Amino acid sequence: MFERFTESARHAFVTAGVLALEAGHRRLDTDMLLLALAETRPFSLATFTATADALRGRLDLRDTRALLAGLGISLDEVRQRTWSPGEWRLTRHRLRPLRVVLYGPRGEIVLAGAARKVVEVALWRPGAVTGERLLWGLLADGGNGAARHLQRVGVNVRALVAEVGMPTHP
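My aim in this report is to walk through the structure given alongside it, one point at a time. (Residues numbered from 1 in each chain as written. Predicted model: local features only at pLDDT ≥ 70, side-chain atom pairs only at ≥ 80, totals over all residues. Heavy atoms only, no water.)

**Focus on helix α6 (residues 113–124)**
Compared with an ideal rise of 1.5 Å per residue, which puts twelve residues at 16 Å, α6 spans 16 Å between its outermost C-alpha atoms and is within 8% of the ideal. Turning to α6, its buried residues are Ala-115, Arg-116, Val-118, Val-119, Ala-122 and Leu-123. Angularly, the buried residues of α6 cover 150° about the axis, an arc narrow enough to put them on a single face. (Helix = DSSP H or I, 4+ residues; strand = E, 2+ residues; numbered from the N terminus. Expected span 1.5 Å × (residues − 1). Buried < 20%, exposed > 50% of the residue type's maximum accessible area, 1.4 Å probe, protein only. Arc of directions from axis to C-beta.)

See below:
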């Protein structure tokens, strides 16, 4: 499934998987995708003003960075040594088509239903899957909380939707 992803979109998606694994989550959810987009910035959207630190404060995450730093280990250094986007695969299970899994050297993680929807929306249009298309997929589902998290950290979501080019209802 990664073959249509741009390098920056793949980087953001793999970052989401790594963040979920580091946080001890059993599934890759939309919160991790949103945080990864804020961390990696695979787009140049002026209205996406959310920072990773601001979102991290709103999301339920284990503070792995502080725990490892207390042991004298740099999480950034560990990521650099074990992270290579080319070594990760995003695949749909052949017998269970609703099951999508991100596989890589750090482990494997199943996409939650809402995260799978993000991928489906991003792949819906022909062409490359970009960071903007991943953001579009996040914002297309009002039930996943992405827009609410962005609003709470000061993002003008209406302006962001317009900048991304998402169709809206009058």
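**Description of the environment of Leu-139**
For Leu-139, the position within the fold is in helix α7 (residues 131–140). Relative accessible area serves as the criterion here: at 12%, Leu-139 is assigned to the buried category. Measuring from C-alpha to C-alpha, the distance between Leu-139 and Leu-150 comes to 9.9 Å, with eleven residues separating the pair along the chain. Excluding its chain neighbours within four sequence positions, the residues that come into contact with Leu-139 are Ala-147, Leu-150, Val-157, Leu-160, Val-161 and Met-166. (Contact = heavy atoms within 4.5 Å.)

**Considerations on the nonpolar core**
Counting 51 residues, the largest nonpolar core has Phe-13, Phe-48 and Leu-90 as its most contacted members. Considering each element in turn, this core owes the most residues, eight residues, to helix α1 (residues 7–22). Each residue touching Phe-13, except ones within four places of it in the same chain, is listed here: Phe-2, Phe-5, Leu-28, Leu-33, Leu-90, Leu-102, Leu-111, Val-119 and Leu-134. (Core = buried A, V, L, I, M, F, W, Y, C linked by side-chain atoms within 4.5 Å.)

**Section: α1**
Structural remark: α-helix, 3.6 residues per turn; residues separated by three or four positions point the same way. Along its 16 residues, α1 runs 22 Å from first to last C-alpha, staying within 8% of the 22 Å computed at 1.5 Å per residue. Burial analysis of α1 places twelve of its 16 residues in the buried class, the great majority of the element. One or two positions beyond α1, positive phi appears at Gly-24, with a value near 80°.

**So, the sheet that holds strand β1 (residues 27–28)**
Overall, mixed pairing links the four strands, which are arranged β1-β4-β3-β2 in an open sheet. A strand with exactly one partner marks an edge of an open sheet, and here the two such strands are β1 and β2 (89–92). Strands β1, β2, β3 (100–104) and β4 (107–111) of the sheet are contacted by α1, whose axis makes an angle of about 105° with β4. (Pairing = 2+ DSSP bridges. Axes fitted to C-alpha atoms, helices over the stretch in contact; angles between N-to-C directions.)

**What to know about the pairing of β4**
Every other side chain in a regular strand lies on the same face of the sheet, so the side chains alternate between the two faces. Across two bridges, β1 lies against β4 in parallel orientation. Bridge pairing in β4 links Leu-28 to Leu-111. In textbook terms, the turn of a hairpin is the stretch between consecutive antiparallel strands, and for β3 and β4 this stretch comprises two residues.

**A few points about the pattern of salt bridges**
Oppositely charged side chains are able to pair whenever their charged atoms sit close together. Enumeration over the complete set of coordinates arrives at five salt bridges. A salt bridge links Asp-141 to Lys-117; the nearest nitrogen and oxygen atoms lie 3.8 Å apart. Taken together, the residues Asp-141 in the loop between α7 and α8 (146–152) and Lys-117 in helix α6 connect sequence positions 24 residues apart. Given the relative accessible area of 45%, Lys-117 is considered partly exposed. A single network of salt bridges, built from pairs that share partners, joins Glu-39, Asp-53 and Arg-56. (Salt bridge = Lys/Arg side-chain N within 4 Å of Asp/Glu carboxyl O.)

**So, the packing of aromatic side chains**
On inspection of all chains with the given rule, the structure shows four aromatic pairs. Measuring from ring centre to ring centre gives 6.0 Å for Phe-2 and Phe-13, while their planes differ by 80°; the resulting arrangement is edge-to-face. Here the residue Phe-2 occupies a position in the segment before α1, and Phe-13 occupies one in helix α1, the gap between them amounting to eleven residues. The exposure class assigned to Phe-2 is buried, which follows from its relative accessible area of 4%. (Phe/Tyr/Trp six-rings, centres within 6.5 Å; stacked < 30°, edge-to-face > 60°.)

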